[in-house]
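If you want the building blocks of each chain, they are given just below.
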Amino acid sequence: MSSSIAAINLSSIQQKLQHVSHGTLCKSIAISGLVLFFFYTFLYNNPYNHSSDLFMSFVEHKSPATSVDITNSPTNISHIMFVLVGCIRTWKYRRPYTEAWWRENVTRGNIWLDLPPTEDLLPWPSMSPPFQVNEDITKLKVYPKLVNPVEVRIYRSILDTFRLGDNKDVRWYVMADDDTLFFVDNLVEVLGKYDHTKYHYIGTNSESIKSNYDFSFEMGYGGAGYALSYALVEELVTKMDGCIERYPHLWVSDYLSSSCSADLGVDLTIEKGIHQIDLRGDISGLLSSHPKSPLLTLHHFDAVEPIFPAKDRFESINHLMKPAKFDQSRVLQQTICYHRQSNWTFSISWGYSAHVYESIFPRSILRRPLETFASWKRGRPPLFMFNTRWPSIDPCVAPHVFFLETVDRSSEEGDLVVSIYTRSSTRNMPACSLNGNHSADTISRIQVSSPAIGRKEAGRIECCDVEYETGKEVASVKLRTCMKGEILA
Ligand SMILES: *[C@@H]1O[C@H](CO)[C@@H](O)[C@H](O)[C@H]1NC(C)=O
Ligand SMILES: *[C@@H]1O[C@H](CO)[C@@H](O)[C@H](O)[C@H]1NC(C)=O
Ligand SMILES: *[C@@H]1O[C@H](CO)[C@@H](O)[C@H](O)[C@H]1NC(C)=O
Ligand SMILES: *[C@@H]1O[C@H](CO)[C@@H](O)[C@H](O)[C@H]1NC(C)=O
C-alpha cells in the first residue's frame, strides 16, 4: 500500500463524492471507511487482474458494418437516442426539468428508473419521456464487489437501452440526468459534425478544477450529458459487464464510463456548449458570457439560484426555453457593440441578459464571465477552468444589468425575432466620469432584433449596432453579420 493512501482524509473524499454528477440523490448507501479504503487501494495500486479483457478490447478495433454518408444524410433529431437516468424518488420533482425540453413523439429515448413507478407517478404523462426500469443488477457476478451499485445501474442504462432493440437508425446515445436541460436543435447540429460510424465520446468536464483533479480531466460529466457514437456503443455493450468487473471499486458512473471508453482507445472530446454547472449561487455571470459554441445543456438547477430574478426554478427554465423555441442557435450567444457618442458598451447574451457598461471594453475582456457565482466547494483559487472578472463597484466597470422579459416574432422591418430585456434593479452608482460622465440610468429596456430565419453559423460570432437617443428609456440593438476584419473594442 502506498503512503499516499494514509494521507487522504475523509473530508476530502466526501467532497469528491459530492462532486458526483450522476444520480447523487438516487443513492442510499452509507459511506464506510472500509469502502473508501478499497476505493483508494484500487486507484493507487490498479490491480489489473482482468488484463486479458483489456487487451482483447484493443485488438477488436474494427470498423462498424454500417457506414452512412453523413453529408448526404445529415444527422437529425430521430438519430439521437436519449438515455436519461433518474429514480422514482427524484422524478417527482425533476419531471418539469425534462418536460421543458422533451418533445413528445419526436425525441427518442427513455427515462430509466430504479423501480417501477409508484401510484402517485401514474398515469405516466405523455409529455414525459417513456419510463423503463433498469435490469436488476443484484444477479451480476460482480455485484457483491460493487462499492456503489447505483452507479453501475446508471451506467448500464446504455446496455439496457441497447437491449430494448429499438436501435434502428440510431447514430448517437446521449446520456444525462433527470435534471439536465437540453437544447436539442443545437445538439443535432453539433453531433452532425462528427461521424457516428467512428468511435466518439463527446462531453465536458467540470467547471471546477478540483472536481476534475479528483476524478479525471478526461471524464465527460454525466449530469452535463455526454454522447457516445453508435459505433462505440455497439462495442461497449458487449464488453460492459467485463469492464464493470475491472472497476468494481469506482464510485461514479461517469468515471466508470470514461474508463470503459478509455480502455477501448477512446478519449473525451470536449464541446464547450455542454455545462455541468458545478457551481453555487447566481450563475448569471457565466450565462452572460457563454463561449461562442452552441448551447447544448445546462444542469444542477437545484444547486444554483433561479437563473432569472423574481422567478422560481421551473419558471426560469421555461422562460429560457421561450427564446429557444424561436432560435436555439443564438441562445446565450454573446454579441458586443458600442454606442460611441456615450462611450458605452452593450453586451447581449441572446435570450437571457443584456449588460451596459459606461466604458468601452473589448471583447477579450467581456468574454470572461463575471464571477457572480461561487465554487461547488470552498477552496483556494484558482477554482475554475476558465478566467473570470471580479464584480466591481467602480461605476466605469460595473454593468447595468437587464434580463429577458419577452420574445416574439415581428414583421415590422423584415422578418425578425425581437427580444426585450428589462432592468432587474437600479445600479445605484454615479455615472462614470472618466469617459464623459454619460449615465445609462435612463435606460429601462433594451430591444434586440435578430433574423427570424436561418440559424446563426455555429462557432462564429455576430456583431450588432446600437440605436439610442440620449435621455430615452429604450435602447435598440440590431444583430448583424460582422464585417470582414471588424474589431470589437
Ligand atoms: C432523419 O433522417 C432519416 C434519414 O437518415 C429520415 O428517414 C428521417 O425521416 C429523418 N427524420 C426527421 C425527423 O427529419
Ligand atoms: C403522440 O402519439 C400518440 C400516439 O400516436 C398520439 O395519441 C398523441 O396525440 C401524439 N402526441 C402529440 C403531441 O403529437
Ligand atoms: C470618451 O472617453 C474618453 C476618455 O476615455 C474621453 O476623452 C472622451 O471625451 C469621451 N467621449 C465622449 C463623447 O464623452
Ligand atoms: C456627472 O453628471 C451628473 C448628472 O448626471 C452630475 O450631477 C455630475 O456633477 C457630473 N459630474 C461631472 C464630474 O461632470
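Since we're looking at a predicted model, the values are computed, not measured.

Any details on the overall build of the protein chain? Residues and values, ideally.
Along its length, the protein chain carries 13 helices and 19 strands. Counting only residues that meet the buried cut, the protein chain has 56% of its 489 residues in that class. Long-range pairs, those at least 24 residues apart, make up 72% of the contacts in the protein chain with a sequence separation of at least 6. When the accessible surface of the protein chain is split by element, carbon and sulfur atoms take 54% of a total near 21200 Å².

Residues and numbers for the sheet that holds strand β12 (residues 344–349), please.
Across a sheet, paired strands are connected by hydrogen bonds in the backbone, their directions being either parallel or antiparallel. The strand order across the open sheet formed by eight strands is β11-β12-β13-β15-β16-β17-β19-β18, and the pairing between neighbours is mixed. The open sheet has two edge strands, β11 (334–339) and β18 (463–467), and neither has a second partner. Taking the axes of each pair of neighbouring strands and ignoring which way they run, one obtains an average angle of 25° across the sheet. Across four bridges, the pairing between strand β13 (residues 353–357) and strand β15 (residues 400–410) is antiparallel. Directly across from Ala-354, in β15, lies its bridge partner Phe-402. Across the sheet, helix α12 (residues 313–326) touches β15 and β16 (416–423), and the angle it forms with β15 is around 45°.

Explain the sheet that holds strand β6 (residues 201–203) to me, and be specific about the residues and the numbers.
Across the sheet, which stays open at both edges, the seven strands sit in the order β3-β2-β1-β4-β7-β6-β8 with mixed pairing between neighbours. The open sheet has two free edges, formed respectively by β3 (131–133) and β8 (268–270), since each of these has just one partner strand. Neighbour-to-neighbour, the strand axes of this sheet turn through a mean angle of 25°, independent of strand direction. Sheet analysis places β6 next to strand β7 (residues 226–229), joined by two bridges and oriented antiparallel. Bridge pairing in β7 links Tyr-201 to Leu-228. Across the sheet, helix α6 (residues 149–163) lies against β1 (80–85), β2 (108–113), β4 (172–177) and β7, angled at about 145° from β1, the strand it touches most.

For a nonpolar patch on the surface, give the residues involved together with the corresponding values.
On the surface, a cluster of nonpolar side chains totalling about 340 Å² of accessible area is made up of Tyr-213, Phe-217 and Met-385. By the element assignment, Tyr-213 lies in helix α8 (residues 209–214).

Describe in detail the state of the cysteines, supporting the description with residues and values.
As used here, a disulfide is simply a covalent bond connecting the sulfur atoms of two cysteines. Counting across every chain of the model gives four disulfides. The disulfide partner of Cys-396 is Cys-432, and the S-S distance across this bridge is 2.1 Å. Taking the torsion about the sulfur-sulfur bond, which here is approximately 90°, the covalent link between Cys-396 and Cys-432 counts as right-handed. Residue Cys-396 is located in the loop between β14 (373–375) and β15, and its partner Cys-432 is located in the loop between β16 and β17 (445–451); the two are separated by 36 residues in the primary sequence.

If you had to explain the side chain of Asn-134 to someone new, which residues and values would you point to?
Within the secondary structure, Asn-134 sits in the loop between β3 and α6. Note on Asn-134: relative accessible area 8%, which makes it buried. At a separation of 3.0 Å, a polar atom in the side chain of Asn-134 contacts the side chain of Ser-157. Dropping the residues within four chain positions of it, Asn-134 is found in contact with Trp-112, Leu-113, Arg-153, Ser-157 and Asp-160.

So what's going on with the site of ligand 1? Which residues, and what values?
Near ligand 1 the following residues occur: Ser-73, Asn-76, Ser-78, His-79 and Arg-171. Take Ser-78: an N or O atom from its side chain is 2.9 Å from a nitrogen atom of ligand 1. Protein coverage of the free-state accessible area of ligand 1, which is 360 Å², stands at 39%. Split by residue class, the shell around ligand 1 holds no nonpolar, four polar and one charged.

Go over unusual backbone geometry, please, and point to the residues and values.
Of the consecutive residues Leu-122 and Pro-123, the connecting peptide bond is found in the cis state with omega at -5°. In this structure, Pro-123 sits in the loop between β2 and β3. A cis amide bond, omega 0°, links Pro-381 with the succeeding residue Pro-382. Of note, Pro-382 is situated in the loop between β14 and β15. Non-glycine residue Ile-277 carries a positive phi angle of around 55°. Classification of Ile-277 as buried rests on a relative accessible area of 1%.

If you had to explain a positive patch on the surface to someone new, which residues and values would you point to?
Together, Lys-272, Lys-292, Arg-367 and Arg-368 make up a region of like positive charge exposed at the surface. Along the chain, the position of Arg-368 falls in the loop between α13 (363–366) and β14.

Please set out the environment of Cys-432 residue by residue, giving values where relevant.
A residue is classified by how much of its surface remains accessible, and Cys-432, at 1% relative accessible area, is buried. Counting along the chain gives 38 residues from Cys-432 to Asp-394, while the straight-line C-alpha distance between them is 8.1 Å. Other than its neighbours up to four places away in sequence, Cys-432 contacts Glu-358, Ser-359, Pro-395, Cys-396, Asn-437 and His-438.

Summarise the pattern of salt bridges; cite the residues concerned and give the values.
It is possible for side chains of opposite charge to pair when their charged atoms get near one another. Considering all chains together, one arrives at 28 salt bridges under this definition. Here Asp-179 makes a salt bridge to Arg-94, at a shortest N to O gap of 3.4 Å. A residue pair is termed long-range when its members are at least 10 positions apart, and Asp-179 in the loop between β4 and β5 (180–182) and Arg-94 in helix α5 (residues 88–99) qualify at 85 residues. We classify Asp-179 as buried; its relative accessible area is 2%. The exposure class assigned to Arg-94 is buried, which follows from its relative accessible area of 6%. Notably, a salt bridge pairs Arg-94 with Asp-302, separated by 3.5 Å at the nearest N-O pair.

Scoring rules and cut-offs
- Residues numbered from 1 in each chain as written.
- Chains lettered and ligands numbered in written order.
- Predicted model: local features only at pLDDT ≥ 70, side-chain atom pairs only at ≥ 80, totals over all residues.
- Heavy atoms only, no water.
- Helix = DSSP H or I, 4+ residues; strand = E, 2+ residues; numbered from the N terminus.
- Buried < 20%, exposed > 50% of the residue type's maximum accessible area, 1.4 Å probe, protein only.
- Contact = heavy atoms within 4.5 Å.
- Areas by Shrake-Rupley, 256 points an atom, 1.4 Å probe, with all protein chains shown as cover.
- Pairing = 2+ DSSP bridges.
- Axes fitted to C-alpha atoms, helices over the stretch in contact; angles between N-to-C directions.
- Patch = residues over 30% accessible without salt bridge, like charges linked within 9 Å, V, L, I, M, F, W, Y side chains within 5 Å.
- Salt bridge = Lys/Arg side-chain N within 4 Å of Asp/Glu carboxyl O.
- Disulfide = S-S within 2.5 Å.
- Polar contact = N/O pair within 3.5 Å; in protein donor to acceptor, adjacent residues only side chain to side chain.
- Near = heavy atom within 4 Å.
- Nonpolar A, V, L, I, M, F, W, Y, C, P; charged D, E, K, R; others polar.
- Lys, Arg positive; Asp, Glu negative; His and termini not counted.
- Charge placed at Lys NZ, Arg CZ, Asp CG, Glu CD.

Honestly, that's just the spatial picture; any functional story needs more than this.
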